[in-house]
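What follows is each chain in one-letter form.
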Amino acid sequence: MAPPPKKHQPKSSVYPWEGTDKKGARLSGETRATNVAMARADLRRQGVNPLKIRKKATSIFSNRKKKITSGDIAIFSRQLATMMAAGVPLVQSFEIVGRGHENPSMQDLILNIKGDVEGGTSLADSLKKHPFYFDDLFVNLVRAGEHAGVLEDLLHKIATYKEKTESIKGKIKKAMFYPAAVIVVAIIVTAVIMIFVIPQFEGLFQGFGADLPAFTRLVVSIAHVVQNWWWAMLLGTVGLGLFLANVWKRSRPFRQAIDKILLKVPVIGAILHKSAIARFARTLSTMSAAGVPLVEALESVAGATGNVLYGDAVLRMREDVATGQSLQLAMKQCNLFPNMVLQMVAIGEESGSLDDMLAKVADFYEEQVDNAVDAMSSLMEPLIMVVLGTLIGGLVIAMYLPIFKMGSAIMG
């Protein structure tokens, strides 16, 4: 998903400076500002008398900004929570975290938010101006913390939630990376054999003047197709990938169909089920602990499950809860949640400790995801080796069969 178009903002640059403090001691450092005057004013606000300020020269490589990732947002949440827990004022916390960030894009984002807060805008409204990085869940939790006067506690809960979510996503990506990398290597090796190695053997076989085994003839025919049409195959693969990515972004029914298929895939489906339940429970627990009304919380939770089917189910649950139905009964009608989850939610509703029960469910299923990912990795390694060995080994055997046949004829 591409970030929304932004309003034009003055471009900030780095300004190395030298100056003195109120006691006359020499100081030096760097500051980020839109121009020299702004840098000078910023230093004076910090009690520094600037003597020399210059704009730092930048190369095309150092000026290239990195993309802001969800991991950057998670780290920012934890840093801001830590600063406020230490008693640092909100604006100064933004200043410290922003100027200390290694990613210039993230630095600009934080300092823009700081400027809005300095201008009197609430933190929640400042974050809401950047919906690509701070979703409704993040904004709603911050707003609840500001209204209740417990922003520091809510920031800690947000940071924990973001870290847990990133951990689950990282586990799943790690599990998928190894087989994907091996498959790519297998395709490259097979293509090299088809395009460069088999033609050499083919020239050798033509000198034999004998009929080739059927398996060898099949492999040679496939190699001819690859040699003549490799460019079309490559363009077709790239085009198909771009087409599917575009359809994924634009078509909700397509995403529903893919998510439904993935949930039924052996091993992988179980991991995705547990991951969706863990994210549902963790998100709803965080919002419930923040005092967000259940109906309002479920609307934000729907977009945080990471699965279209679970997201749609949560929206249906929201409609049922809005009519006075209990959360446990609404969840039961979806046929997506295990009995243990339903019982924990029922106990939480009866005892008034729904957030604690959901947190326990989240902890349990996050551990289940960890174990399932480790088990899948152990299962995939030998399976991939077998497939890779069969593919490459089959090509090698096809090339050596005529040689074995000729050897047998000579020996006879």
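Everything numeric here is computed off the predicted structure, so don't read it as measured data.

Calculation rules
- Position numbers for residues count from 1 along each chain, tracking the sequence in the order it is written.
- Totals for whole chains, interfaces and linings use all residues, but because this is a predicted model, local features are given only for residues with pLDDT of at least 70 and pairs of side-chain atoms are given and counted only at 80 or more.
- Heavy atoms throughout the structure, all of them, feed into the side-chain values; hydrogens and water do not.
- Labels follow the DSSP assignment, with helices taken as runs of H or I lasting at least four residues and strands as runs of E lasting at least two, numbered in each case from the N terminus.
- C-alpha atoms define the radius of gyration, and 2.2 Å times the number of residues to the power 0.38 defines the globule rule.
- The buried label goes to any residue with under 20% of its type's maximum accessible area, the exposed label to any with over 50%, and the partly exposed label to all in between, with areas taken from a 1.4 Å probe on protein chains only.
- Residues enter a nonpolar core if they are buried and are Ala, Val, Leu, Ile, Met, Phe, Trp, Tyr or Cys, with the set joined through side-chain atoms within 4.5 Å.
- Should any heavy atoms of two residues lie within 4.5 Å, those residues are considered in contact.
- Aromatic contacts are taken between Phe, Tyr and Trp rings whose centres are within 6.5 Å, Trp giving its six-membered ring; a plane angle under 30 degrees counts as stacked, one over 60 as edge-to-face, and the others as tilted.
- When a carboxyl oxygen of Asp or Glu lies within 4 Å of a side-chain nitrogen of Lys or Arg, that pair is called a salt bridge.
- Each patch is built from residues that are more than 30% exposed by relative accessible area and take part in no salt bridge. Like charges join if they lie within 9 Å; nonpolar side chains (Val, Leu, Ile, Met, Phe, Trp, Tyr) join within 5 Å.
- Computed with the Shrake-Rupley method and a 1.4 Å probe, the accessible areas treat only the protein chains shown as cover for residues.
- To get an axis, fit a line to the C-alpha atoms, keeping to the stretch in contact for a helix; angles then go from 0 to 180 degrees between the N-to-C directions.
- An angle counts as roughly parallel when it lies under 35 degrees, as roughly antiparallel when it exceeds 145, as roughly perpendicular when it falls between 65 and 115, and as oblique in every other case.
- For a crossing to be left-handed, the near helix must be turned anticlockwise from the far one by less than a right angle; the clockwise case is right-handed.
- Charged means Asp, Glu, Lys or Arg here, nonpolar means Ala, Val, Leu, Ile, Met, Phe, Trp, Tyr, Cys or Pro, and polar covers whatever is left, Gly included.
- Expected helix span is taken as 1.5 Å per residue step, with the number of steps being one fewer than the number of residues.
- Counting rule for charge: Lys and Arg are taken as positive, Asp and Glu as negative, and neither His nor the chain ends is counted.
- In plain terms, the charge of a residue is placed at NZ if it is Lys, CZ if Arg, CG if Asp and CD if Glu.

**Focus on the overall build of the chain**
Next, step 1: Looking only at helices and strands, the chain features 15 helices and 3 strands.
Next, step 2: On C-alpha atoms alone, the chain measures out to a radius of gyration of 30 Å, which is more than a quarter above the 22 Å that the 2.2 N^0.38 rule sets for 412 residues.
Next, step 3: Along the first, second and third principal axes, the C-alpha set of the chain runs to 100 × 65 × 35 Å.
Next, step 4: Every one of the 412 residues in the chain was classed for burial, and the buried ones make up 38%.

**Remarks on the nonpolar core**
Next, step 1: Membership of the largest hydrophobic core comes to 73 residues, with the highest contact counts inside it found for F134 and M317.
Next, step 2: Ranked by residues supplied to this core, first place goes to helix α15 (residues 354–411) with 10 residues.
Next, step 3: Apart from the residues lying within four places of it in its own chain, the contact partners of M317 are F280, L298, L327, A330, M331, C334 and F337.
Next, step 4: M194, F201, V219 and A398 belong to the second largest nonpolar core, which has 12 residues in total.

**Observations concerning the packing of aromatic side chains**
Next, step 1: What the rule picks out here adds up to 8 aromatic pairs.
Next, step 2: Ring geometry for F76 against F94: centres 5.9 Å apart, planes inclined by 40 degrees, an arrangement best described as tilted. Taken as a pair, F76 in helix α2 (residues 70–85) and F94 in helix α3 (residues 90–99) lie far apart in primary sequence, 18 residues in all. Pair check on accessibility: F76 and F94 agree, each one buried.
Next, step 3: On the numbers, 5.0 Å between centres and 50 degrees between planes, the contact of F280 with F337 is tilted. Of the two residues, F280 is situated in helix α10 (residues 268–289) and F337 in the loop between α13 (327–332) and α14 (339–351); the sequence distance between them amounts to 57 residues.
Next, step 4: A relative accessible area of 1% means that F280 is categorised as buried.
Next, step 5: A relative accessible area of 8% places F337 in the buried class.
Next, step 6: Cluster of aromatic residues (ring-pair linked, three or more members): F76, F94, F134 and F138.

**Looking at the pattern of salt bridges**
Next, step 1: Under the criterion given, the structure shown has 10 salt bridges.
Next, step 2: Between R78 and E163 there is a salt bridge whose closest N-O contact spans 2.9 Å. Here the residue R78 occupies a position in helix α2, and E163 occupies one in helix α7 (residues 151–206), the gap between them amounting to 85 residues.
Next, step 3: For R78, a relative accessible area of 23% translates into the label partly exposed.
Next, step 4: Its relative accessible area of 34% is what places E163 among the partly exposed residues.
Next, step 5: In this structure, R143 and D125 form a salt bridge, with 2.6 Å as the shortest nitrogen-oxygen distance. Placement of the pair is R143 in helix α6 (residues 136–148) and D125 in helix α5 (residues 123–128), with a sequence separation of 18 residues.
Next, step 6: A single network of salt bridges, built from pairs that share partners, joins K164, R282, D363 and E366.

**A short note on the environment of L109**
Next, step 1: Positionally, L109 belongs in helix α4 (residues 104–118).
Next, step 2: Those residues in contact with L109 that lie beyond four places of it in its chain are I68, I73, H130, Y133 and F134.

**With respect to a nonpolar patch on the surface**
Next, step 1: Taken together, the side chains of V225, W229, W230, W231, M233, L234, L235, V238 and L242 make up a nonpolar region of the molecular surface, amounting to roughly 960 Å² of accessible area.
Next, step 2: Tracing the backbone shows M233 in helix α8 (residues 214–250).

**Observations concerning the packing of α10 against helix α11 (residues 294–302)**
Next, step 1: Taken N-terminus to C-terminus, the directions of α10 and α11 make an angle of 140 degrees; their axes are 10 Å apart at the nearest point. Relative to α11, α10 is oriented oblique. Remark: the crossing between α10 and α11 carries right-handed chirality. Between α10 and α11, the contacting residues are F280, T283, L284 and M287 on the first element and L294, A297, L298, S300 and V301 on the second.
Next, step 2: Here the residues of the contact of α10 with α11 are counted per class, giving 7 nonpolar, 2 polar and no charged.

**A closer look at α14**
Next, step 1: Across its 13 residues, α14 extends 18 Å between first and last C-alpha, which sits within 8% of the 18 Å expected from 1.5 Å per residue.
Next, step 2: Looking at α14, one finds that the buried residues are V341, L342, M344, V345, A346 and G348.

**Digging into a positive patch on the surface**
Next, step 1: A surface patch of like charges, here positive, comprises K67, K173, K249 and R250.
Next, step 2: With respect to the secondary-structure elements, R250 resides in helix α8.

**Concerning the side chain of H130**
Next, step 1: Within the element layout of this structure, H130 appears in the loop between α5 and α6.
Next, step 2: Those residues in contact with H130 that sit more than four places away from it in its chain are L109 and I113.

**Notes on the environment of L294**
Next, step 1: Secondary-structure assignment places L294 in helix α11.
Next, step 2: Between the C-alpha atoms of L294 and A39, which are 255 residues apart in sequence, the distance is 46 Å.
Next, step 3: L294 has contacts with L284, V321 and L327, leaving out every residue within four places of it along the chain.

**Observations regarding unusual backbone geometry**
Next, step 1: Phi is positive for N335, which is not a glycine, with a value near 60 degrees.
Next, step 2: Along the chain, the position of N335 falls in the loop between α13 and α14.

**Considering the packing of α2 against α3**
Next, step 1: Their axes nearest at 9 Å, the elements α2 and α3 cross at an angle of 135 degrees. Between α2 and α3, the angle falls in the class oblique. The way α2 lies across α3 gives a crossing that is right-handed. Facing α2, whose interface residues are F76, Q79, L80, M83 and M84, α3 presents L90, S93, F94, I96 and V97.
Next, step 2: Considering only residue class, the contact of α2 with α3 consists of 8 nonpolar, 2 polar and no charged.

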